[in-house]
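Structural description and commentary
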Amino acid sequence: AQKVTQTQTSISVMEKTTVTMDCVYETQDSSYFLFWYKQTASGEIVFLIRQDSYKKENATVGHYSLNFQKPKSSIGLIITATQIEDSAVYFCAMREGGSALGRLHFGAGTQLIVIP
Amino acid sequence: EAAVTQSPRNKVTVTGGNVTLSCRQTNSHNYMYWYRQDTGHGLRLIHYSYGAGNLQIGDVPDGYKATRTTQEDFFLLLELASPSQTSLYFCASSDRGGQDTQYFGPGTRLLVL
């Protein structure tokens, strides 16, 4: 069975600081893909960043980066120099490789509030 | 970036009503997905498809049917809507399924009275 868990329901941070959002996952597959998505206040879901399980180097895109700890089945999202517009709900998701037809398993989400 | 559109954006129906949610993607993606989003559950997969005429069952399929008529169009059907199906529905698409990122539509908010 696959499962994605985000234990932080809500996080508040001051603007321009760094925040880490946690995510742990469960899978029996040796190959899998991990994603972070952002859902804005308008409801739009936007892809942010991904990590392929076979890659050792942590992915980085703009001011988003990942802390991939494979032995702990953990994929944290790090946002540096947070901005007001980073306030949103962030979802972690996992997809098995192979013949899983791309189905994603999502965590329940973490709401980030950036305080000016 | 993929263009995924959904219609209607908002829908109100009564218990027992018949509802069709539409999704269209214009980037020739092979894979399409229907999710529902509810507080505390994140997004849950209802049905998905890897091409015209193909259908796969997701994690929460009860009460839903789906049909993929073309590569571009994927429909979600609620033939006897119930209040438990009140939710926010998202469609998504991706090119190569397991390899590629999914891109989401803007969502349809459904209220079943």
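Preceding this section is the structure that the text describes.
The present account deals with the structure reproduced in this document. (Residues numbered from 1 in each chain as written. Chains lettered and ligands numbered in written order. Predicted model: local features only at pLDDT ≥ 70, side-chain atom pairs only at ≥ 80, totals over all residues. Heavy atoms only, no water.)

Another point: the overall build of chain A. In terms of helices and strands, chain A carries zero helices and 12 strands. A compact globule built from 116 residues should have a C-alpha radius of gyration of about 13 Å, and chain A, at 14 Å, falls within 12% of that. With respect to the principal axes defined by its C-alpha atoms, chain A has extents near 45 × 30 × 20 Å. Within chain A, buried positions represent 52% of all 116 residues. In chain A, the proportion of contacts linking residues at least 24 apart, taken out of those at least 6 apart, comes to 55%. For chain A, the exposed surface amounts to about 5,500 Å²; the carbon and sulfur share of it is 51%. Here chain A contributes 10 positive and 10 negative side-chain charges, whose respective centroids are spaced 5 Å apart. (Helix = DSSP H or I, 4+ residues; strand = E, 2+ residues; numbered from the N terminus. Rg over C-alpha atoms; globule rule 2.2 N^0.38 Å. Buried < 20%, exposed > 50% of the residue type's maximum accessible area, 1.4 Å probe, protein only. Contact = heavy atoms within 4.5 Å. Areas by Shrake-Rupley, 256 points an atom, 1.4 Å probe, with all protein chains shown as cover. Lys, Arg positive; Asp, Glu negative; His and termini not counted. Charge placed at Lys NZ, Arg CZ, Asp CG, Glu CD.)

Right, let's get into a nonpolar patch on the surface. All names here are of chain B. A contiguous nonpolar patch, built from Val12, Val14, Leu111 and Leu113 and spanning about 370 Å² of accessible area, is present on the exposed surface. Among the structural elements, Val12 can be located in strand 2 (residues 10-13). Judged by its relative accessible area of 53%, Val12 falls in the exposed class. (Patch = residues over 30% accessible without salt bridge, like charges linked within 9 Å, V, L, I, M, F, W, Y side chains within 5 Å. Salt bridge = Lys/Arg side-chain N within 4 Å of Asp/Glu carboxyl O.)

Moving on, we get to the side chain of Asp52 of chain A. Structurally, the position occupied by Asp52 of chain A is in strand 6 (residues 45-52). Here Arg50 of chain A takes part through its side chain, which lies 3.0 Å from a polar atom of the side chain of Asp52 of chain A. (Polar contact = N/O pair within 3.5 Å; in protein donor to acceptor, adjacent residues only side chain to side chain.)

Turning next to the pairing of strand 8 (residues 73-78) of chain B. Regular strands place their side chains on alternate faces of the sheet. Residue and element names in this part refer to chain B. Across six bridges, strand 3 (residues 19-25) lies against strand 8 in antiparallel orientation. Residue pairing across strands places Ser22 opposite Phe75, the latter belonging to strand 8. Pairing geometry for strand 7 (residues 65-68) and strand 8, over four bridges, is antiparallel. If you follow Arg68 over to strand 8, its bridge partner there is Phe74. Between the end of strand 7 and the start of strand 8, which pair antiparallel, lie four residues. (Pairing = 2+ DSSP bridges.)

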